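Residue strings, one per chain:
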Amino acid sequence: MRLAFITSLIPVAKPDTGFEIANAAILDALRSAGHEVTAFGFLRPGEVPAGPAQAVVIGAVDIENAVAPASRRLQWLAYALSHGLPVACAKLRLAGAGKLVEAVRARGPFDAVILNSVMLPGAVPELTTLGPCVLVEHNIEHVSARQNAAHAGTGLMSWLYAREARLLEAVETRLWNEVGYIWTLAEEDRRALGPAAAKAAVLPLVSGSGPQPAAMAEPVAPAFDVGMIGTWTWQPNFIGLDWFLREVAPLLPTDISVAVAGRLPAEMPPVPERVRLVGRVADANTFLQSCHVLALSSRAGTGVQLKTIEAMQLGMPAVATTLSCRGFTALPENFSLADQPEAFAQALTERVRGARAGNPQRIDGAAFIAIQRAALASALAAGLTAARH
């Protein structure tokens, strides 16, 4: 099939955020199945597409709150308020999302159009008229926005997130009715679609397209006791990090070190003395393997946690909240579940002590990767077939 993959961020050679990693996994699987896929969307300034010949770049622009100056964020907000749009959709319309319709038509026709998240079709409703459509719901966006409102620190932010949730719910409900098929990344999200769940399936993801280090090499020598990685500028992720830093880290023995990797918000609060903020790392897998144990501390959000998938692929031991493991009915033997601060800290301490004593608690993630890839290919094929009939 000839497919148009319409996305806010076109995949680059080294995907950074969970959203980008998921995009790359879906595109790799589609192309591995023999489909001709053209990606349409935006890039951050200075970046280039992973496959330039298979991409149409509408513009180079920063659309993330964490890096945008205050003046641009105010512009987004003013446009959203004056046009009755969610801010997430307003910023894309201002970036030039309207040009997408013309670009897709110029390259078409396509057998199917894949709408990668609700934000672009929320900004440009005409996108759903370009062919049989499949929607990728990375998260149930209005639920995440509602969670953000509940955790917001000020009345104004709470109001803005509540407004976002209300408008995104309207956008999502419309799209669930309009598209031919929906892919979610977790079964919990598929069930949240209501009647539209009948035309939806879950996409089991893998992180990266090549062999994983746990299946092909000796682990990296540990440099830290506990490791965490994520895009912490995304509010649902930060809620989990904040919980860990405030309520779990102070309960850990003073000799246990914690390293936090990934993008951090500019207004990062002080952290406990045993915690080291290492920022963005050159290679996520190498960082993860340099830790004795991983902490997966999600307390908000929908969809699936890419860092949980990465931990499973690498065979790394982890302590996780129940929400961090959404989408999985069975967990590896080297995962511990804990939702209360005391239990989380105790489980981390026990696994770190075991690793220091000579039991690394690492397993081979090759079987997990094979199962995920086979299930991903099957779900993609079923969705594309259903969308065209």
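**Some words on the pattern of salt bridges**
Point 1. One pass over the structure, following the stated rule, counts 12 salt bridges.
Point 2. The closest approach of N and O atoms between Arg190 and Glu187, which form a salt bridge, is 2.9 Å. Of this pair, Arg190 and Glu187 are both found in helix 8 (residues 187-191), 3 residues apart, which corresponds to roughly one turn of the helix.
Point 3. Residue Arg190 is classed as partly exposed on the basis of its relative accessible area, which comes to 21%.
Point 4. Residue Glu187 is classed as partly exposed on the basis of its relative accessible area of 27%.
Point 5. Residues Arg353 and Asp255 are paired through a salt bridge, measuring 3.1 Å at the closest nitrogen-oxygen approach. Residue Arg353 is found in helix 12 (residues 341-356), and its partner Asp255 is found in the loop between helix 9 (235-248) and strand 9 (258-261); the two are separated by 98 residues along the sequence.
Point 6. Overlapping salt bridges bring together Asp225, Asp255, Arg353 and Arg356 as one network.

**Things to note about the sheet that holds strand 1 (residues 2-9)**
Hydrogen bonds between backbone groups are what pair the strands of a sheet, and the pairing can be parallel or antiparallel.
Point 1. The strand order 3-2-1-4-5-6-7 describes an open sheet built from 7 strands, whose pairing is parallel. Edge positions in the sheet fall to strand 3 (55-60) and strand 7 (200-202), since each has one partner strand and no second. If you compare each strand with its neighbour and ignore which way they point, the axes differ by 15° on average.
Point 2. Two strands pair when backbone bridges link them, and strand 1 and strand 4 (residues 112-116) are joined in this way by 5 bridges, in the parallel orientation. Looking at the pairing, Ala4 lines up with Val113 of strand 4.

**Some words on the environment of Asp62**
Point 1. As for its position among the elements, Asp62 is in the loop between strand 3 and helix 2 (70-83).
Point 2. Accessibility expressed as a relative area gives 22% for Asp62, which makes it partly exposed.
Point 3. Expressed as a C-alpha distance, the spacing of Asp62 and Phe244, which sit 182 residues apart in the sequence, is 29 Å.
Point 4. In this view, Asp62 contacts Arg44, Pro45, Val67, Arg72 and Trp76; residues no more than four positions away in its chain are not counted.

**Here we look at empty space enclosed by the protein**
Point 1. All told, the structure shown has 1 cavity of 30 Å³ or more when counted by the stated rule.
Point 2. Reported here for the largest cavity is a volume of approximately 40 Å³.
Point 3. Looking at the largest cavity, the residues that line it are Gly227, Met228, Ile229, Leu288, Leu294, Ala295, Leu296, Lys307 and Glu310.
Point 4. Elements supplying a minimum of two residues to the lining of the largest cavity: strand 8 (224-229), strand 11 (291-296) and helix 11 (306-314).
Point 5. Of the residues in the lining of the largest cavity, the class split is 6 nonpolar, 1 polar and 2 charged.

**Looking at the environment of Trp76**
Point 1. Within the secondary structure layout, Trp76 lies in helix 2.
Point 2. Sequence-wise, Trp76 and Glu102 are 26 residues apart; in three dimensions their C-alpha atoms are separated by 23 Å.
Point 3. Discounting chain neighbours no more than four positions away, the residues touching Trp76 are Asp62, Ile63, Glu64, Asn65, Ala68, Val87, Ala90, Lys91 and Leu94.

**Some details on the packing of helix 2 against helix 3 (residues 87-95)**
Point 1. It is at 8 Å that the axes of helix 2 and helix 3 come closest, and there the two elements cross at 105°. With respect to helix 3, the element helix 2 is oriented roughly perpendicular. Where helix 2 approaches helix 3, its residues Gln75, Trp76, Leu77, Tyr79, Ala80 and His83 are matched on the opposing element by Val87, Ala90, Lys91, Arg93 and Leu94.
Point 2. A breakdown of the residues in the contact of helix 2 with helix 3 according to their chemical character gives 7 nonpolar, 2 polar and 2 charged.

**Concerning unusual backbone geometry**
Point 1. A cis amide bond links Gly108 with the next residue in sequence, Pro109, at an omega value of 5°.
Point 2. You can see Pro109 is positioned in the loop between helix 4 (99-107) and strand 4.
Point 3. For Ser117, which is not glycine, the phi dihedral falls at a positive 90°.
Point 4. Its place among the elements puts Ser117 in the loop between strand 4 and helix 5 (119-123).
Point 5. With a phi close to 60°, Gln361 is a non-glycine residue in the positive phi region.
Point 6. The residue Gln361 is located in the loop between helix 12 and helix 13 (366-387) in this model.
Point 7. Residue classification places Gln361 among the buried positions, given a relative accessible area of 13%.

**A few points about the packing of aromatic side chains**
Point 1. Taken as a whole and judged by the stated rule, the model has 4 aromatic pairs.
Point 2. Taking the centre distance of 5.9 Å and the plane angle of 90° together, the rings of Phe40 and Phe110 count as edge-to-face. Of this pair, Phe40 sits in strand 2 (residues 36-43) while Phe110 sits in the loop between helix 4 and strand 4, placing them 70 residues apart in sequence. No difference in accessibility class separates Phe40 from Phe110, as the two residues are buried.
Point 3. Centre to centre, the rings of Phe224 and Phe287 are 6.2 Å apart; their planes meet at 50°, and the pair counts as tilted. One end of the pair, Phe224, is in strand 8; the other, Phe287, is in helix 10 (residues 284-289), with 63 residues separating them in the sequence.
Point 4. Within the aromatic cluster, the residues linked to one another by ring pairs are Trp243, Phe244 and Phe344.
Point 5. Its guanidinium or amino end placed over the ring of Phe110, Arg2 lies 4.7 Å from that ring's centre, counting from NZ or CZ.
Point 6. When the ring centre of Trp243 is taken as reference, the NZ or CZ atom of Arg299 above it lies at 4.2 Å.

**Section: the side chain of His138**
Point 1. Structurally, His138 is set in the loop between strand 5 (133-137) and helix 6 (141-151).
Point 2. Classification of His138 by relative accessible area gives buried; the value is 5%.
Point 3. A polar contact is formed between the side chain of His138 and the side chain of Asn23, at a distance of 3.4 Å.
Point 4. A polar contact is formed between the side chain of His138 and the side chain of Asn116, at a distance of 2.7 Å.

Rules behind the numbers
Residues numbered from 1 in each chain as written. Predicted model: local features only at pLDDT ≥ 70, side-chain atom pairs only at ≥ 80, totals over all residues. Heavy atoms only, no water. Salt bridge = Lys/Arg side-chain N within 4 Å of Asp/Glu carboxyl O. Helix = DSSP H or I, 4+ residues; strand = E, 2+ residues; numbered from the N terminus. Buried < 20%, exposed > 50% of the residue type's maximum accessible area, 1.4 Å probe, protein only. Pairing = 2+ DSSP bridges. Axes fitted to C-alpha atoms, helices over the stretch in contact; angles between N-to-C directions. Contact = heavy atoms within 4.5 Å. 1 Å grid on protein atoms, 1.4 Å probe; cavity = no way out; pocket = protein on both sides within 12 Å on 5 of 7 lines; lining within 4 Å. Points joined across faces, edges and corners; volume = space filled by probe spheres on them. Nonpolar A, V, L, I, M, F, W, Y, C, P; charged D, E, K, R; others polar. Parallel < 35°, antiparallel > 145°, perpendicular 65-115°, else oblique. Phe/Tyr/Trp six-rings, centres within 6.5 Å; stacked < 30°, edge-to-face > 60°. Lys NZ or Arg CZ within 6 Å of the ring centre and 35° of its normal. Polar contact = N/O pair within 3.5 Å; in protein donor to acceptor, adjacent residues only side chain to side chain.

Fair warning: the whole summary comes from geometry, so function is off the table for now.
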